[in-house]
Amino acid sequence: MAVVPTELVDSYGRVHRDLRVSITDRCNFRCRYCMPTEGMVWQPRDEILTFEEIERVVRVAVQRFGVRSVRLTGGEPTVRAHLPVLIARLAALGVDLALTTNGASLSLLAEDLAAAGLSRINVSLDSLRPDRFAAITGRDGLDRVLEGIGAAVSVGLAPVKINMVVMAGVNDDEVVDMAEFGRRQGVEVRFIEFMPLDAQQAWASSDVVAAADIVAAIDAVFPLEGEPRTSSAPAQRWRYRDGGGSIGVIPTVTESFCTTCDRVRLTADGQFRTCLFATDEYDLRGFMRGGASDDELASVMTSAVSRKWAGHQIGQVHFIRPSRSMSQIGG
Ligand code: SAM
Ligand code: SF4
């Protein structure tokens, strides 16, 4: 009789305990590093997983394979109606539940999200200058996002982290200001290298600001010391030597962390992926809507993970950009 694995383990021995779930590909922002101002084609609504389907995939991952942490993302997850209902259903599965959001609706939603069982939140914020914020996101909403961050802190979501995508010549002159903002607010800022996943396919390697340069710029003003790496975390963490908190840098492009990756993904339209940059997907929605059992869903997951590649090849000649962009996969 075939032995059914109890972990999502790949051929390199990496055990997968972290599931990213995109719950919509739609968004109320148009961040220039993610999608164009006009012309984004949304997934038809009937192809988007229902709350029941999302809960089912998460339950199988948690109960069969010991997945411990789940992060909801998108698109913008807060544009999905009744988000607190989904949060409550997933929190009941006993996972560490996190959310990544642009923060625009957070001042209205933070309390309900926390009450429903959300534990942690990441809010994207790429500039503290209103005009630049609007130029990057396509929306005049800096104040609302700042209010949202304040609301998340005050309802006790912990930790609240800020995600800043750093782009050369666009906002790289603000990394120290952003670090200072994080110190003042008591939140950790995570500086993310710009990845080749924008829907416009305008990314160029010259747009990337290397994590090492970001750390050097901050260290010159607020001296830092490195923290030991926790094995699977994508962010390298640095502590302020004066005790003022910490920062994270996510060096996807310049120093990939694929060897310790423990992450799998579910897209809003129900495709199971083993890497953000994967060029193949496994159609869990099709299986579920075709009447598959939980055993069959589990077997799709194990076979996908068993074929997971060693890592992405950004910057090398054989890199193939995935056909879907960041907001269609789930960042
Ligand atoms: N809409 C939510 C938000 O913006 O936080 C969640 C989805 S968004 C796709 C998730 C994260 O991916 C955000 O922190 C965003 O800044 C980041 N992101 C989007 N496109 C990116 C790119 N091309 N390179 C690096 N990070 C990117
Ligand atoms: Fe929307 Fe997030 Fe993409 Fe910005 S990064 S356009 S907020 S999905």
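Residues numbered from 1 in each chain as written. Chains lettered and ligands numbered in written order. Predicted model: local features only at pLDDT ≥ 70, side-chain atom pairs only at ≥ 80, totals over all residues. Heavy atoms only, no water.

Caption draft 1: Structural context of the packing of helix 1 (residues 51-65) against helix 9 (residues 294-306). Direction vectors running N to C along helix 1 and helix 9 enclose 75°, while the axes themselves pass 10 Å from each other. Here helix 9 runs roughly perpendicular to helix 1, going by the angle between their axes. Of the residues in helix 9, those touching helix 1 at Arg 56, Val 57, Arg 59, Val 60, Ala 61, Arg 64 and Phe 65 are Asp 294, Asp 295, Leu 297, Ala 298, Met 301 and Thr 302. Tallied by class, residues from the contact of helix 1 with helix 9 come to seven nonpolar, one polar and five charged. (Axes fitted to C-alpha atoms, helices over the stretch in contact; angles between N-to-C directions. Helix = DSSP H or I, 4+ residues; strand = E, 2+ residues; numbered from the N terminus. Parallel < 35°, antiparallel > 145°, perpendicular 65-115°, else oblique. Contact = heavy atoms within 4.5 Å. Nonpolar A, V, L, I, M, F, W, Y, C, P; charged D, E, K, R; others polar.)

Caption draft 2: The arrangement of the site of ligand 1 in detail. Of all residues adjacent to ligand 1, which total 18 residues, the nearest are Tyr 33, Gly 75, Glu 76, Ser 124 and Met 195. The contact in question runs from an oxygen atom of ligand 1 to an N or O atom on the backbone of Thr 101, over 3.2 Å. Within the contact set of ligand 1, an oxygen atom lies 2.6 Å away from a side-chain nitrogen or oxygen of Ser 124. Protein contact buries 96% of the 540 Å² of open area that ligand 1 shows by itself. (Near = heavy atom within 4 Å. Polar contact = N/O pair within 3.5 Å; in protein donor to acceptor, adjacent residues only side chain to side chain. Areas by Shrake-Rupley, 256 points an atom, 1.4 Å probe, with all protein chains shown as cover.)

Caption draft 3: Expanded view of helix 3 (residues 106-116). Every buried residue of helix 3 is listed here: Leu 106, Leu 109, Ala 110, Leu 113 and Ala 116. Taken down its axis, helix 3 places every buried residue within 140° of arc, on the same side. Looking at helix 3, the residues exposed on the side facing more than 90 degrees away from the buried face are Leu 108, Glu 111 and Ala 115. Buried residues along helix 3 sit in contact with helix 2 (83-91), strand 5 (96-101), strand 6 (120-124) and helix 5 (142-154). (Buried < 20%, exposed > 50% of the residue type's maximum accessible area, 1.4 Å probe, protein only. Arc of directions from axis to C-beta.)

Caption draft 4: Looking closely at the site of ligand 2. Every residue lining ligand 2 is accounted for by Cys 27, Phe 29, Cys 31, Tyr 33, Cys 34, Met 35, Gly 75 and Asn 102. By residue class, the composition of the shell around ligand 2 is six nonpolar, two polar and no charged.

Caption draft 5: Representation of the pattern of salt bridges. Tallied over the full model, the rule gives 25 salt bridges. Here Asp 294 makes a salt bridge to Arg 59, at a shortest N to O gap of 3.0 Å. Of this pair, Asp 294 sits in helix 9 while Arg 59 sits in helix 1; the two residues are 235 residues apart in sequence, bridging distant segments of the chain. Arg 59 gets classed as partly exposed once you look at its relative accessible area, which sits at 25%. (Salt bridge = Lys/Arg side-chain N within 4 Å of Asp/Glu carboxyl O.)

Caption draft 6: Main features of unusual backbone geometry. Each neighbour pair has its own omega, and for Ala 158 with Pro 159 the value is 0°, a cis peptide bond. In this fold, Pro 159 is placed in the loop between helix 5 and strand 7 (160-166). Look at His 82: it is not a glycine, yet its phi comes out positive at around 60°. Residue placement: His 82 occurs in the loop between strand 4 (69-73) and helix 2. Not every positive phi belongs to a glycine, and Gln 201 is a case in point at roughly 55°.

Caption draft 7: The arrangement of the environment of Val 300 in detail. Counting through the fold element by element, Val 300 comes out in helix 9. Distance from Val 300 to Tyr 282, taken between C-alpha atoms, is 7.2 Å for residues 18 residues apart in sequence. Not counting chain neighbours up to four residues away, the residues in contact with Val 300 comprise Tyr 282, Leu 284 and Phe 287.

Caption draft 8: Focus on the nonpolar core. Counting residues in hydrophobic clusters, the biggest one holds 102 residues, and the most contacted among them are Leu 72, Phe 191 and Ile 218. Residue contributions to this core peak at eight residues, all from helix 1. Residues in contact with Phe 191, not counting those within four places in the same chain, are Met 164, Val 166, Val 175, Met 178, Ala 179, Ile 214, Ile 218, Ile 247, Gly 248, Val 249 and Ile 250. (Core = buried A, V, L, I, M, F, W, Y, C linked by side-chain atoms within 4.5 Å.)

Caption draft 9: Quick look at the sheet that holds strand 14 (residues 282-283). Strand order in the open sheet formed by twelve strands is 9-10-11-8-7-6-5-4-3-12-13-14, and the pairing between neighbours is mixed. The outermost strands of the open sheet, each flanked by one partner alone, are strand 9 (224-226) and strand 14. The pairing of strand 3 (residues 18-22) with strand 12 (residues 263-266) spans four bridges and is parallel. Paired with Arg 20 across the bridge in strand 12 is Arg 265. Of the strands in this sheet, strand 7, strand 8 (188-193) and strand 10 (236-240) touch helix 6 (residues 175-185), which is tilted by about 150° from strand 8. (Pairing = 2+ DSSP bridges.)

Caption draft 10: Local environment of the side chain of Arg 80. The topology assignment puts Arg 80 in the loop between strand 4 and helix 2. One buried charged residue, Arg 80, remains without a salt bridge, the closest side chain of opposite sign being Glu 52 at 7.2 Å. Polar side-chain contacts of Arg 80 include one of 2.9 Å to the backbone oxygen of Leu 49. The residues touching Arg 80, leaving out its near neighbours within four places in the chain, are Ile 23, Ile 48, Leu 49, Thr 50, Phe 51 and Ile 54. (Lys, Arg positive; Asp, Glu negative; His and termini not counted.)

Caption draft 11: The packing of aromatic side chains, seen in detail. In total, this model carries two aromatic pairs according to the counting rule given. Seen from their ring centres, Phe 29 and Phe 133 are 6.0 Å apart, and the 90° between their planes marks the pair as edge-to-face. Of this pair, Phe 29 sits in the loop between strand 3 and helix 1 while Phe 133 sits in helix 4 (residues 130-137), and the two are 104 residues apart along the sequence. Side by side, Phe 29 and Phe 133 carry an identical accessibility label, which is buried. Between Phe 222 and Tyr 240 the ring centres are 5.9 Å apart and the planes differ by 80°, which places this aromatic pair in the edge-to-face class. Remark: Tyr 240 occurs in strand 10 and Phe 222 occurs in the loop between helix 7 (211-219) and strand 9; sequence separation between them is 18 residues. Here Tyr 240 falls in the buried class, since its relative accessible area comes to 3%. The side chain of Arg 183 reaches across the aromatic face of Tyr 240, ending 4.5 Å from its centre. (Phe/Tyr/Trp six-rings, centres within 6.5 Å; stacked < 30°, edge-to-face > 60°. Lys NZ or Arg CZ within 6 Å of the ring centre and 35° of its normal.)

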